[in-house]
Amino acid sequence: MEEPLYAQPGFRQVAGDAWRPGGLSVTRRGLALCAFPAGARLLDIGCGAGATLRLLRALGYRAVGCDRQPDTAAAGLPLLCCTALALPLRNGVLDGLLCECVLSLLPDGKAALREMARVLRPGGRLLLSDLFLTEDAPSPLPGPGAPSCLRGARPLPALLRLFRQAGLRLLHSEDHSDRLRSLAARLLWNGGTRTDLAALAGMSCNCAPRRYGYGLWILEKDS
């Protein structure tokens, strides 16, 4: 099976340690909107190489990362080896969660969001960023294949329903699709040939057109 895009050396070379559109600049924007108190207890879900986790700890938060298979680059950081569907934490123990370009990779987004809500205290906040399908796009990529945020992207109305069903109230949303197109274009410029990348960058390809966006959402657990 082909490696997922985020695991490929070419992608990591272009994206750096933060394997997502906008990198840490979108993370910083989300943190400003969340306004977590000093020393807040935070969990970075799908922490990858640890770029966000390092930022959180440098800002003074009591932050831990989790990943089903922690990357060697995150060695030395406080990590939990687990999936977003089964967090080894008590109910209501966290002030905040970060889930950046991870939800669309998970096999059951509804269950994952409910698990995130479970470990948040009432009034706790979730910083979520991910791909979404625009209104005029066909359905996500069909059939089997490597784990891919392209395959797991959802239309915005479907995402909003999942938030509500998990008991998470939307406080703020922003469209950062320009950062997605910029990353896809840089990947293509550096030798990427996947038709999926062409679709992300808004270029023509020999497949049915699929239009993706990239969003940032700040959510709050119901009190």
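Analysis parameters
- Residues numbered from 1 in each chain as written.
- Predicted model: local features only at pLDDT ≥ 70, side-chain atom pairs only at ≥ 80, totals over all residues.
- Heavy atoms only, no water.
- Buried < 20%, exposed > 50% of the residue type's maximum accessible area, 1.4 Å probe, protein only.
- Helix = DSSP H or I, 4+ residues; strand = E, 2+ residues; numbered from the N terminus.
- Right-handed = clockwise from strand over helix to strand, strands pointing away.
- Pairing = 2+ DSSP bridges.
- Salt bridge = Lys/Arg side-chain N within 4 Å of Asp/Glu carboxyl O.
- Phe/Tyr/Trp six-rings, centres within 6.5 Å; stacked < 30°, edge-to-face > 60°.
- Polar contact = N/O pair within 3.5 Å; in protein donor to acceptor, adjacent residues only side chain to side chain.
- Axes fitted to C-alpha atoms, helices over the stretch in contact; angles between N-to-C directions.
- Parallel < 35°, antiparallel > 145°, perpendicular 65-115°, else oblique.
- Left-handed = near helix turned anticlockwise from the far one by under 90°.
- Contact = heavy atoms within 4.5 Å.
- Nonpolar A, V, L, I, M, F, W, Y, C, P; charged D, E, K, R; others polar.

Peer 1: What should I look at first to understand the pairing of strand β1 (residues 41-45) in this one?
Peer 2: The side chains of a regular strand alternate, residue by residue, between the two faces of the sheet. In terms of residue burial, β1 counts as a mostly covered element, since 4 of its 5 residues are buried. With helix α3 (residues 51-58) bridging β1 and the parallel strand β2 (residues 62-67), this β-α-β connection has right-handed handedness. In the sheet, β1 pairs with strand β4 (residues 94-100) via 4 bridges, with the strands oriented parallel. Following the sheet pairing, Leu43 is matched in β4 by Leu97.

Peer 1: Honestly, the pattern of salt bridges in this entry has me stumped. Any pointers?
Peer 2: Oppositely charged side chains can form a pair if their charged atoms are brought close together. Tallied over the entire structure, the rule returns 6 salt bridges. The residue Arg29 makes a salt bridge to Glu174 at a minimum N-O spacing of 2.5 Å. Residue Arg29 is located in helix α2 (residues 23-34), and its partner Glu174 is located in strand β7 (residues 168-175); the two are separated by 145 residues in the primary sequence. Glu115 is paired through a salt bridge with Arg118; the nearest N and O atoms lie 2.9 Å apart. Taken together, the positions of Glu115 and Arg118, both in helix α4 (residues 109-119) and 3 residues apart, correspond to about one turn of that helix.

Peer 1: What should I look at first to understand the packing of aromatic side chains in this one?
Peer 2: Two descriptors summarise a pair of aromatic rings, namely the distance from one centre to the other and the angle between the planes of the rings. The final tally for this structure, using the stated rule, is 3 aromatic pairs. Here the aromatic rings of Phe36 and Tyr61 are separated by 6.2 Å at their centres, their planes lie at 85°, and the arrangement is edge-to-face. Residue Phe36 is found in the loop between α2 and β1, and its partner Tyr61 is found in the loop between α3 and β2; the two are separated by 25 residues along the sequence. Each member of the aromatic cluster is reached from another via a ring pair, and the members are Phe132, Phe163 and Trp217.

Peer 1: Just to check I follow, could you spell out α4 for this structure?
Peer 2: Since one α-helical turn is 3.6 residues long, residues separated by three or four positions face the same way. Inspection of α4 places Gly109, Ala112, Leu113, Glu115, Met116, Ala117 and Val119 among the buried residues, and these make up the whole buried set. Its side-chain oxygen 3.3 Å from the backbone nitrogen of Lys110, Asp108 forms the N-cap of α4.

Peer 1: Help me out: how do you make sense of the packing of α4 against helix α6 (residues 156-165) in this one?
Peer 2: The geometry of a pair of packed helices is captured by two quantities: the angle between their axes and the separation between those axes. Following both chains from N to C, one finds α4 and α6 inclined at 40°, their axes separated by 9 Å at the closest point. The pairing of α4 with α6 is recorded here as oblique in orientation. Viewed along their axes, α4 and α6 form a crossing whose handedness is right-handed. Packed against α4, whose contacting residues are Lys110, Leu113 and Arg114, the element α6 presents Leu162, Phe163 and Gln165 at the interface.

Peer 1: Can you walk me through the side chain of Thr52 in this structure?
Peer 2: Tracing the backbone through its elements, the reader meets Thr52 in helix α3. Relative accessible area serves as the criterion here: at 2%, Thr52 is assigned to the buried category. Among the polar contacts listed, one links the side chain of Thr52 to the side chain of Glu100, at a separation of 2.8 Å. If we ignore the near neighbours within four places in the chain, the residues touching Thr52 are Arg20, Leu24, Thr27, Asp44, Leu98 and Glu100.

Peer 1: Honestly, the packing of α2 against α3 in this entry has me stumped. Any pointers?
Peer 2: For the pair α2 and α3, interaxial distance at closest approach is 11 Å and the crossing angle is 45°. Relative to α3, the element α2 lies oblique. Crossing geometry of α2 relative to α3 is assigned as right-handed. In this structure, α2 contributes Leu24, Thr27, Arg28 and Leu31 to the contact, and α3 contributes Ala51, Thr52, Leu55 and Leu56. In terms of residue class, the contact of α2 with α3 is built from 5 nonpolar, 2 polar and 1 charged.

Peer 1: What am I meant to see in unusual backbone geometry here?
Peer 2: If a residue is not glycine, its phi is most likely negative; likewise, a peptide bond is most likely trans. We note that Ala35 has phi near 50°; this positive angle belongs to a residue other than glycine. Relative to the elements of secondary structure, Ala35 occurs in the loop between α2 and β1. At Cys101, a position not held by glycine, the phi torsion is positive, near 55°. Residue position: Cys101 is located in the loop between β4 and α4. You can call Cys101 buried: its relative accessible area is 11%.

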